[in-house]
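# A closer look at the structure
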Amino acid sequence: MANAQRPAVVISARGEQRIRGGHPWIYRADVVDVSATGGDIVDVIGPRQRTIGSALFSDRSQISLRMLTTGDHALADEALLRSRVEHAIRFRESLALDATAYRLVHGEADLLPSLVVDRYGDYLAVQALSQGMDRLLPAITLIFLDLLQPKGILARNDPKVRALEGLPQSVDVLHGEIPDSIVVREGPVAYDVNLRTGQKTGLFLDQRENREAAARYARGRLLDCFSYNGGFALRLARTCPQAEALDISADAVERIRANAVRNDVPHLQAREVNVFDELRRLERAGERYDTIVLDPPAFAKNKASIANAMAGYKEINLRAMRLLNPGGYLVTCSCSYNVNEEMFAAVIHEASIDSHTPMTIVEKRMQGRDHPVLVAVPETYYLKCFILRRVE
Ligand code: SAH
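Below, the structure is looked at part by part. Just so it is clear, the model here is predicted, and its values are computed rather than measured. (Residues numbered from 1 in each chain as written. Predicted model: local features only at pLDDT ≥ 70, side-chain atom pairs only at ≥ 80, totals over all residues. Heavy atoms only, no water.)

## Focus: the overall build of the chain
- Each helix and strand in the chain was counted, giving 10 helices and 20 strands.
- Computed over C-alpha atoms, the radius of gyration of the chain comes to 23 Å, within 12% of the 21 Å expected from 2.2 N^0.38 for 392 residues, which places it in the range of a compact globule.
- Along the three orthogonal principal directions, the C-alpha set of the chain runs to about 75 × 45 × 35 Å.
- Within the chain, the fraction of its 392 residues that count as buried is 55%. (Helix = DSSP H or I, 4+ residues; strand = E, 2+ residues; numbered from the N terminus. Rg over C-alpha atoms; globule rule 2.2 N^0.38 Å. Buried < 20%, exposed > 50% of the residue type's maximum accessible area, 1.4 Å probe, protein only.)

Now the structure itself:
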């Protein structure tokens, strides 16, 4: 039964069904009655007045409720938060990752909805992406200070989704000091990261294991497309005597060059170009490669852009296949959660047919293990990475 003292939200039968199906979100359309303010931890009440669990409530977002607990006596409090953070940290420790930068908390998958915490050596970058988590941030900060004693904690609260929650977009130091440049290691590669301005929280941590996997195949002449600060290129250039990295951002290209020097792969060349144009130019020029990486930004940011995104993925994959020598490898990725694995596989199939290059799939991979997928939310399997081989 509802507890009169506590904030509560009543949901519809359809909403209740979703929660029973394991989905952690309730949309606004399934909210029937609200006695709470935005950011509260609320009791979630079913249509028959039964308490279904507790959740973070947002009065602005389409996602009104993010479940914290289910069951009628499972109250969400600070002790629960602390134990979830502890479990999240212990899980990452158990992975024995060969890196000093990795994700410590991956939101819903760690039962800490809308919270992201990334570790960069002695520093933490956090994102609170809902009203409720934003309000809990001081408590979360204290928990991390107590458990990990970081030298600094930075809130990278600048993602656009914060605007949907009616929250300000800002970057704030929550604890200690955050230097402009932090050096972290991922396998044999050292990166210089700026936590304040880097994409995401600084690096694309979710590709760590795919870079390592790709390194098992990489050889000959390498082309790393959409390289950012050289994620794949720096790792693969160690086994590729010729290596080129492409990115449209001047800033990114500058970082690739600095990272190439730092990592002792001076043969890695970086070019500031549009990959779509450059792949066509390389094809016309008759260039050939033995290893190509395609790691574009999410082309399908929403459902409306899926058709264009599919065309974009097909275009770059088709061109890359044509640029490959027989026996060469294509490491191709999509991080659009709106394009699922089946759709991505269909694009690869079409690109192979249209480019007249027989391709085999050697490995199908996803985001790194520190970014696990919540099975009840298929969209949390957002990063697809196929390693393909051109047969002849
Ligand atoms: N591969 C990187 C992450 C890539 S993020 C890693 O492993 O860390 C996507 C990158 O694509 C960004 O750096 C962005 O600047 C770049 N980009 C976006 N559109 C582009 C285009 N049309 N041509 C070249 N680069 C592009």
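There's plenty left to go through after this.
## A short note on the nonpolar core
- If you look at the biggest cluster of nonpolar residues, it comprises 42 residues, and the most contacted ones within it are Tyr120, Val184, Leu195, Leu236 and Leu268.
- Of the residues forming this core, the biggest block, four residues, is contributed by helix 6 (residues 231-236).
- Setting aside anything within four residues of it in sequence, one finds valine 184 in contact with Thr100, Ala101, Tyr120, Gly121, Val189, Ala190, Tyr191, Val193 and Leu203.
- By size, the runner-up hydrophobic cluster in this structure holds 30 residues, among which are Val273, Tyr289, Val339 and Ala351. (Core = buried A, V, L, I, M, F, W, Y, C linked by side-chain atoms within 4.5 Å. Contact = heavy atoms within 4.5 Å.)

## Some words on helix 1 (residues 13-20)
- Residues of helix 1 that are buried: Gly15, Glu16 and Ile19. Each buried residue of helix 1 sits inside an arc of 100° when the element is viewed along its axis, so together they form one side. In helix 1, the exposed positions angled more than 90 degrees off the buried face are occupied by Arg14, Gln17 and Arg20.
- Tucked into the core, helix 1 has its buried residues touching strand 1 (8-11), strand 2 (25-27), strand 4 (41-45), strand 5 (51-57) and strand 6 (63-70).
- Backbone geometry just after helix 1 places glycine 22 at a positive phi near 95°. (Arc of directions from axis to C-beta.)

## Some points on the site of the ligand
- Taken together, 17 residues lie near the ligand, and Arg211, Phe226, Asp247, Val275 and Asp295 sit nearest.
- The separation between a nitrogen atom of the ligand and a polar main-chain atom of phenylalanine 226 is 2.9 Å.
- Here a nitrogen atom of the ligand sits 3.1 Å away from a polar atom, N or O, in the side chain of asparagine 274.
- Burial of the ligand by the protein chains amounts to 90% of its free accessible area of 590 Å².
- Within the residue set of the shell around the ligand, elements represented by two or more residues are helix 6 and helix 8 (275-284).
- The residue makeup of the shell around the ligand, split by class, is nine nonpolar, five polar and three charged. (Near = heavy atom within 4 Å. Polar contact = N/O pair within 3.5 Å; in protein donor to acceptor, adjacent residues only side chain to side chain. Areas by Shrake-Rupley, 256 points an atom, 1.4 Å probe, with all protein chains shown as cover. Nonpolar A, V, L, I, M, F, W, Y, C, P; charged D, E, K, R; others polar.)

## Details of the pattern of salt bridges
- Enumeration according to the criterion identifies 37 salt bridges in this entry.
- Note that arginine 208 is salt-bridged to aspartate 370, the shortest N-O span being 2.8 Å. Remark: aspartate 370 occurs in the loop between strand 19 (359-366) and strand 20 (384-390) and arginine 208 occurs in helix 5 (residues 208-215); sequence separation between them is 162 residues. Like arginine 208, the residue aspartate 370 is buried in the burial classification.
- Across the pair arginine 365 and glutamate 363 runs a salt bridge whose closest N-O atoms are separated by 2.9 Å. Exposure class is identical for arginine 365 and glutamate 363. Each is buried.
- Residues participating in the shared-partner salt-bridge network are Arg221, Glu244, Arg271, Glu278, Arg281 and Glu287. (Salt bridge = Lys/Arg side-chain N within 4 Å of Asp/Glu carboxyl O.)

## With respect to the sheet that holds strand 16 (residues 268-272)
- One open sheet accounts for seven strands, arranged 16-15-14-17-18-20-19; its pairing is mixed. Looking at strand neighbours, the two that pair on one side only are strand 16 and strand 19, the edges of this open sheet. The average angle at which neighbouring strand axes cross in this sheet is 15°, direction not considered.
- Most of the contacts of helix 5 go to strand 19, to which it runs at about 150°, and overall it touches strand 18 (324-334), strand 19 and strand 20. (Pairing = 2+ DSSP bridges. Axes fitted to C-alpha atoms, helices over the stretch in contact; angles between N-to-C directions.)

## So, the packing of helix 9 (residues 306-323) against helix 10 (residues 341-355)
- Between helix 9 and helix 10, the least distance of the axes is 8 Å, while the angle of their chain directions is 45°. In terms of their interaxial angle, helix 9 and helix 10 are classed as oblique. The two elements helix 9 and helix 10 cross, and the hand of that crossing is right-handed. Across from Ile306, Met310, Tyr313, Lys314, Asn317, Leu318, Met321 and Arg322 in helix 9, the residues of helix 10 making contact are Met343, Phe344, Val347, Ile348, Glu350, Ala351, Ser352, Asp354 and Ser355.
- Taken together, the residues of the contact of helix 9 with helix 10 break down into 10 nonpolar, three polar and four charged. (Parallel < 35°, antiparallel > 145°, perpendicular 65-115°, else oblique. Left-handed = near helix turned anticlockwise from the far one by under 90°.)

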